[in-house]
Structures are given as C-alpha cells and as structure tokens.
Amino acid sequence: MLRGSVLASLSPEEGLLSHVPWLWSLAAGLGLYLATGGWRFLYVALCTIKRDLRCLCVVLHVKRSIRQHLKNRSTIPSLFGQTAALYPDKPALVCVSTGESSSARPRTSASLIVWTFRELAGRCNAVSHWARAQGWGQGDVVALYLGSRPLLVALWMGLAQVGVEAALINYNLRCDSLLHCVGVSGAKGMVFGVELAEAVSEVRSSLDPSMVLFSTGSVQSVDLPTPSAQNLDPLLASSSRDPPPPTTKGFNDRLFYIYTSGTTGMPKAAIVVHSRFYRIAAFGFHSFGLRHDDIIYNSLPLYHSAGNIMGVGQCLLHGLTVVVKAKFSASSFWDDCVKYNCTVIQYIGEICRYLLAQPERPSEKSHCVRIAMGNGLRPAVWEEFTQRFRIRQVAEFYGATECNCSISNVDGKVGACGFHSQIFPSMYPIKLLRMNEDTMELVRDKNGLCIGCQPGEPGLLAGYIDQSDPLRRFDGYVDRRATNKKIVNDVFTLGDAAYLSGDVLVMDELGYMFFRDRSGDTYRWRGENVSTTEVEATLSGLLGHADVAVYGVLLPGVEGKAGMAAIAEGEGRFDCDAFLGAVRKALPSYAHPLFLRLMPKVDTTGTFKIQKTRLQREGYNPLHTADRIFFLNSHLGRYEAVTEELYRAITEGRLRL
C-alpha cells in the first residue's frame, strides 16, 4: 500500500527518469567492456564453451577418482586386478607370435598369442613370485630390455606387485647408451630378449658384476651372451599363479622408469609414479570417448609412454583389448585392423605419412576404426589422412612422459595438439612463456615474472608445479640435477615453480595450441627424440675425438627433422663407408645422420661450445657452401655426394629417405 501511494504521487516523467541512472550505468559499463576488448571474450566464450565444459567435466571426474585412489592407497596392479575380475575371459593382449617359449603357453592360434585378462593376471603373479625368489623387494630396480610383446607388460606389472621398479630400456640402444641407461637406473638385474643377446654381450664386461641376467625367448638357434644368463621362461612356467602378498606402496610411489632424451645429454630416466600412469590413461579414455568394448591397434614400442601407458593402460585400467604389433608395418597396417576388428589405432606423425605413401588397398576403407589416437600428425596431411582412410576422429595430444602440462585435442581442430581454456584458465594452470628466439631464454617483466605470449606468438610451454596435486606434480628424473634443470621459478607468481617443457608452441585466440618446434639440443626423427650432444659424443669418439656438430634440418613434407653432422675432417681422405659401418654399430637407426657436411674446422665459441646456428640455416644445399655434403641413400645403403640434381630430388620428395 505504501509502495503504491509513493508511485501514485510521482508524475509519469519522474517515474521514468528514476530509472535513467541505472540504465545509463548499464549501457556505459557494457560499452566500456566492449570497447576494451570484452566483445572478443564473448566471442571466444561462445565458440569454446562446449569444448571447455566437456573437458572441465573430464578433469573433475579424473580428480575425484585420483583422490579416491590416493585414499585407498591403490596401485596400478591393484586396479588391474579389479579390471581382470570384471573381464576374466575377455582378450586383454593380442600379439603376433614373437617366439616366446614356455611349457605353459597361453592360448594360441597359428600366428597369434592371445592372453585373456585371467591369463595376464596369472603371468603377472608368476613374475611376482619369481622376483621374490630372487630376493628383490621394495625399491629395487630391474632393467627390461626386450621387444614389444605381452611378456613385457607381465614383467613390469608383476615386478610392481611386489614393489620392484622396472627400467624400460629402448631396444634400439647399444654400447655406451645402453650402459648409461642400465647404470643410472641402479638395476640389480636385467631381463633381455634373446634377439638382443649380441647387444648384451657387447656390454656384459662393463656391467656391474653383481647384476643377474635373464634371457627370454626361443634359444635354440641363439647363443646366450654369457653362461651367467639364466633362461627366464621355465622359471616363470614353474612359478605360482596365485596373487602375491600386496605391496605397501601407494598411488604416488614409483612404478617404473621410461627413458627420454630430454633437451640435452644422454637419455634420462623419467620417473613414472602410479598416479601419473593412471592420469595419462584416464585422461585419454575419457577425453577421447573411448569405450570398454574398443580394440586398440598398437604398433608403437612399449618402452614409450604412448605405447605402454596411453595404449596398454587402456587395457589394464578400462578393460579394452589391445593388439600389440611387435614392429610397425605400413603394408599390413590396415589388413591387421580388419583382421582384429580394431576400432582405435595409435600413431605418431611418421606412421601417418608412411600409410599415406602406401598404394591404395581395399582394407584401408573396410576397417572399423573410428579413432586415430596419437601425436605428431602434421596439419599438411591431417585432412588427407582422415579423408583417405575414413577416420572420424583424430585424438591428437601433446605431452612428454614426465611433464605436467599435457594437452589434448578433443574436438578435432585440424592441426591442433590441444588447447588451453580461455574461459576457465585456472582449470589447468599452464602457460606459453615469451622467449628470446635466438637464445631461447625466457623474457621477464620489471617484477621478475615470466611474460605470457599473445595469440600467434611462439613460446615455451610451462606447467605450474604443485607436488600435493597428482595432476600438477613433477616427479622428474632419477638424476636430481636433470630434474632441477626442467624447473623454472617466478612464472605465474613470485616464488612459484613450473615445469618448462622445452617445446615451442603457438596458441590462437580460441586457446588452440599448435606444436612449432623443439628447443635445446634435441630434434625428433622417426618418432624418436634424438639428443644431439649424445650423437656428437659418439661420432667424435668414432673419429678420434674430432670436432662434430649435430643438428636437425627440415625436409619438405616430412615430420620432424633429419639429423645432419658437420665434421672437421682433418688430414687425409674421409672414408664414408667405414664411417657408416661404425655408426650402424654404435647408434640406433633413427640417430644415424642422414646428411654429412665435411669441413676444415667446426666453429666454436670462446668456451669451446660448437656453434650450430649458421650450419642449421645453410642446411644441406650444396650451393650454400663449398664444403662437401653427403646424403645417406637408404636404397643404395651408402652415403653419396649431394649434387644440385640430388638436392632437387630430395626437396621435391622424389627420393626415398
């Protein structure tokens, strides 16, 4: 009544004008917001709200699960036990026979090994009892040096059940690199495949004398490297299949080590804890819409996180069947997918290019694959790959084994390796940091904080570190000094710490991120990170400590960078054939220099650091230098001089690499 009498006492003009200040304030505020760029935020929000809300739900779901597993002190083996109980008779791992021998072979067909979840669990238990019989226990390390096969999974899982940590050694490594990886792990024992007996024999005398060696695989036609190497297969065949007593390890304790070249030096043993394994596999499952009835075709090596965690992890944690292909074959890839009814494939960028280079075949369109999951698919071939092979979804992701700033492409944005929400930036605290592109040093403001990049500006990706949060923790490497080199301070706020990836990315205004390059002394070739300092040291040793500069060079239409070595040839004739023979024995194939540049001397700084900037800029074009340049012709199996005609053949893609 009072309100009505007051309104009645006002004239119509007074009633209208009483609202004018509020309307003007709203209009002025909206105008100011739009004038200062707020309309761009509205545009970005409208374009990305569906994507960001979907990922927010995934992050919250995974966080809630991790919190529960931390409370329960879960481990990957204990979670696998729950999965195996749900799907005991379902195929877990399917693999083309690799010659594994045992008196208790799993169910097989003429060309396949098929392990059900029950059989895989039994094999893991057998490994656990064998490990305990060796006297190994909590915190001990065993090196695993064998090709991709189901037994590798059973080995690291069985070891983890009794608290033993596995060091997953790259089976391409030889000599010094192999010795280094085994040595830094502190392994008490090594299991190797008989196919690698020669490589083990070469380093046996340099291994710790107390190290116990076990071989696995068919031994009829292969000489073991030393009498001290025991045949593991009959030992596992006679071991109990009953579950061992549970380990006292928890969700944030160490599971195994995966080796990465990082940005400098020899390979580093990256620490993978149980929660990190879970996090990578769980984000892959929920972000990319995988299903429990999916069948994954995995031709990636199982010493890599992509093959072992993102791939096999789906089997162990979510009950998917994984087809393990011991060695990638472009010619049989799609035939295998049809044969095994695969619905998901894993790739690295090189695999996609190899598949596109194959002649068309019926199986490339008659398969059931709906998702291609991996990293490194170049934007230039993205659409050609999806259209030719009828792939509905590309699940591209970015992230090193040890990093805390992994990102993923959940909505098929062509060329993007992931995104950072512009609506909920604190949901996942990562940042692209401005850098000096010549020195790769971070640029800071007047307060000492790192400066974030603007859309379209290349920068180094970093992730905020919070050791109390499994999504934000950084466990680093066995070598604490190597760990400290990856940590940068005063990034988001003064006094904080962040993991610095060493990779250069670019972000657009919608938050999509695109991989640009690798910083430091590393390049990527054939799906592998190659440490230039490691290759330099090896080549220099082969050449009597000559100065050698190793760097990556771009090839048109090819993923990654090809290795090129500039060598101070000194006195006398350089023997390319003898050099290649020595390189093949000392380095894995992906680290062989594709190009050689023979120089009178290699430029160095005042502190004797080799200068590579000019060499990288000049590349392998013979017109840019009077130095002799050679190309490793894989068809001929030798180095040949790069002429103008050969240079054109390489750059035009007419020559097989």
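Quick look at the structure, then. Predicted, not measured: the structure shown is a model, and the values here were computed from it. (Residues numbered from 1 in each chain as written. Predicted model: local features only at pLDDT ≥ 70, side-chain atom pairs only at ≥ 80, totals over all residues. Heavy atoms only, no water.)

The subject of this paragraph is the overall build of the protein. Secondary structure assignment for the protein yields 21 helices and 28 strands. Counting the 657 residues in the protein, one finds 54% classified as buried. Taking all contacts inside the protein whose residues are at least 6 apart in sequence as the whole, residues at least 24 apart take part in 69%. As displayed, the protein has an accessible area near 28,600 Å², and 55% of this comes from carbon and sulfur atoms. (Helix = DSSP H or I, 4+ residues; strand = E, 2+ residues; numbered from the N terminus. Buried < 20%, exposed > 50% of the residue type's maximum accessible area, 1.4 Å probe, protein only. Contact = heavy atoms within 4.5 Å. Areas by Shrake-Rupley, 256 points an atom, 1.4 Å probe, with all protein chains shown as cover.)

Applying the stated criterion to the full structure yields 24 salt bridges. Close ionic contact of Asp 475 with Arg 276 constitutes a salt bridge, the shortest N to O distance being 3.9 Å. Taken as a pair, Asp 475 in the loop between strand E18 (459-464) and helix H17 (480-485) and Arg 276 in helix H11 (residues 274-287) lie far apart in primary sequence, 199 residues in all. By the burial criterion, Asp 475 is buried, and Arg 276 matches it. The salt bridge partner of Arg 291 is Asp 293, with a shortest N-O separation of 3.4 Å. Relative accessible area serves as the criterion here: at 53%, Asp 293 is assigned to the exposed category. If you follow the salt bridges from partner to partner, you end up with Arg 597, Arg 614, Glu 618 and Asp 627 in one network. (Salt bridge = Lys/Arg side-chain N within 4 Å of Asp/Glu carboxyl O.)

The strand order across the open sheet built from seven strands is E7-E6-E5-E3-E4-E8-E9, with neighbouring strands paired in mixed fashion. At either end of the open sheet lies a strand with only one pairing partner, and these are strand E7 (230-231) and strand E9 (268-273). Bridging between strand E6 (residues 212-216) and E7 involves two bridges; their strand directions are parallel. The residue of E7 that forms the bridge with Ser 215 is Asn 231. Across the sheet, helix H7 (residues 150-161) touches strand E3 (141-145), strand E4 (165-168), strand E5 (189-193), E6 and strand E8 (254-260), and the angle it forms with E3 is around 175°. Sitting on the sheet, helix H12 (residues 305-318) is in contact with E4, E8 and E9, with an inclination near 140° to E8. (Pairing = 2+ DSSP bridges. Axes fitted to C-alpha atoms, helices over the stretch in contact; angles between N-to-C directions.)

Now for the packing of helix H18 (residues 532-542) against helix H19 (residues 576-586). Interaxial distance between H18 and H19 falls to 11 Å at its minimum, and their mutual angle equals 135°. If you check the angle between H18 and H19, you find them oblique. Here H18 and H19 pass one another in a crossing that is right-handed. Of H19, the residues touching H18 (which contributes Thr 538, Leu 539 and Leu 542) are Phe 579, Ala 582, Val 583 and Ala 586. (Parallel < 35°, antiparallel > 145°, perpendicular 65-115°, else oblique. Left-handed = near helix turned anticlockwise from the far one by under 90°.)

Next up on the list: the side chain of Thr 401. Within the secondary structure layout, Thr 401 lies in the loop between strand E14 (393-398) and strand E15 (407-408). A distance of 3.0 Å separates polar atoms of two side chains, one belonging to Thr 401 and the other to Ser 305. Ignoring sequence-local partners within four residues, the contact set of Thr 401 consists of Ile 258, Ala 270, Val 272, Arg 276, Ile 280 and Ser 305. (Polar contact = N/O pair within 3.5 Å; in protein donor to acceptor, adjacent residues only side chain to side chain.)

Taking strand neighbours across the sheet as the criterion, the five strands line up as E24-E25-E26-E27-E28 in an open arrangement whose pairing is mixed. Lying at the two open borders of the sheet, with one neighbouring strand each, are strand E24 (548-553) and strand E28 (638-641). With strand direction ignored, the average angle separating the axes of adjacent strands in the sheet is 25°. In terms of strand pairing, E24 meets strand E25 (residues 562-568) through six bridges, oriented antiparallel. When the bridges of E25 are listed, Tyr 551 appears paired with Met 564. Packing of H18 onto the sheet brings it into contact with E24 and E25, and relative to E24 it is tilted by some 140°. Where H19 meets the sheet, it contacts E25, strand E26 (595-599), strand E27 (628-633) and E28, and its direction lies at approximately 140° from that of E28.

This next bit is on the nonpolar core. Residues Trp 130, Leu 144, Trp 156, Phe 256, Phe 277 and Leu 316 are the most contacted members of the largest nonpolar core, which totals 74 residues. When residues of this core are assigned to their parent elements, the largest contribution, nine residues, is made by H7. Excluding residues within four positions of it along the chain, Trp 130 makes contact with Trp 136, Leu 155, Leu 159, Val 191, Phe 214, Leu 232, Leu 235, Leu 236 and Ser 239. Listed in part, the 68 residues of the second largest apolar core include Ala 197, Phe 574, Ala 591 and Phe 631. (Core = buried A, V, L, I, M, F, W, Y, C linked by side-chain atoms within 4.5 Å.)

We now examine the pairing of E8. Within E8, six of the seven residues are buried, which leaves it mostly tucked inside the rest of the structure. As paired strands, E8 and E9 are joined by six bridges and run antiparallel to one another. The residue bridging Arg 254 from the neighbouring strand is Val 273, located in E9.

Turning next to H18. When H18 is considered as a whole, its buried residues turn out to be Thr 532, Glu 534, Val 535, Glu 536, Thr 538, Leu 539 and Ser 540. Buried residues belonging to H18 abut helix H8 (175-185), strand E22 (522-525), strand E23 (528-531), E24, E25 and H19.

Phi at Arg 73 is positive, roughly 55°, even though this residue is not glycine. Position of Arg 73 relative to the elements: it lies in the loop between helix H4 (38-72) and helix H5 (76-86). Although it is not a glycine, Arg 390 adopts a positive phi angle of roughly 55°. Tracing the backbone shows Arg 390 in the loop between helix H16 (379-388) and E14.

With that settled, consider the packing of aromatic side chains. Inspection of every chain in the model, using the stated rule, returns 23 aromatic pairs. For the pair Trp 130 and Phe 214, a centre-to-centre distance of 5.1 Å together with 90° between the ring planes defines the contact as edge-to-face. Of this pair, Trp 130 sits in helix H6 (residues 117-133) while Phe 214 is found in strand E6, placing the two residues 84 residues apart along the sequence. Overall, Phe 214 belongs to the buried group, its relative accessible area being 0%. Between Trp 156 and Phe 256 the ring centres are 4.9 Å apart and the planes differ by 80°, which places this aromatic pair in the edge-to-face class. (Phe/Tyr/Trp six-rings, centres within 6.5 Å; stacked < 30°, edge-to-face > 60°.)

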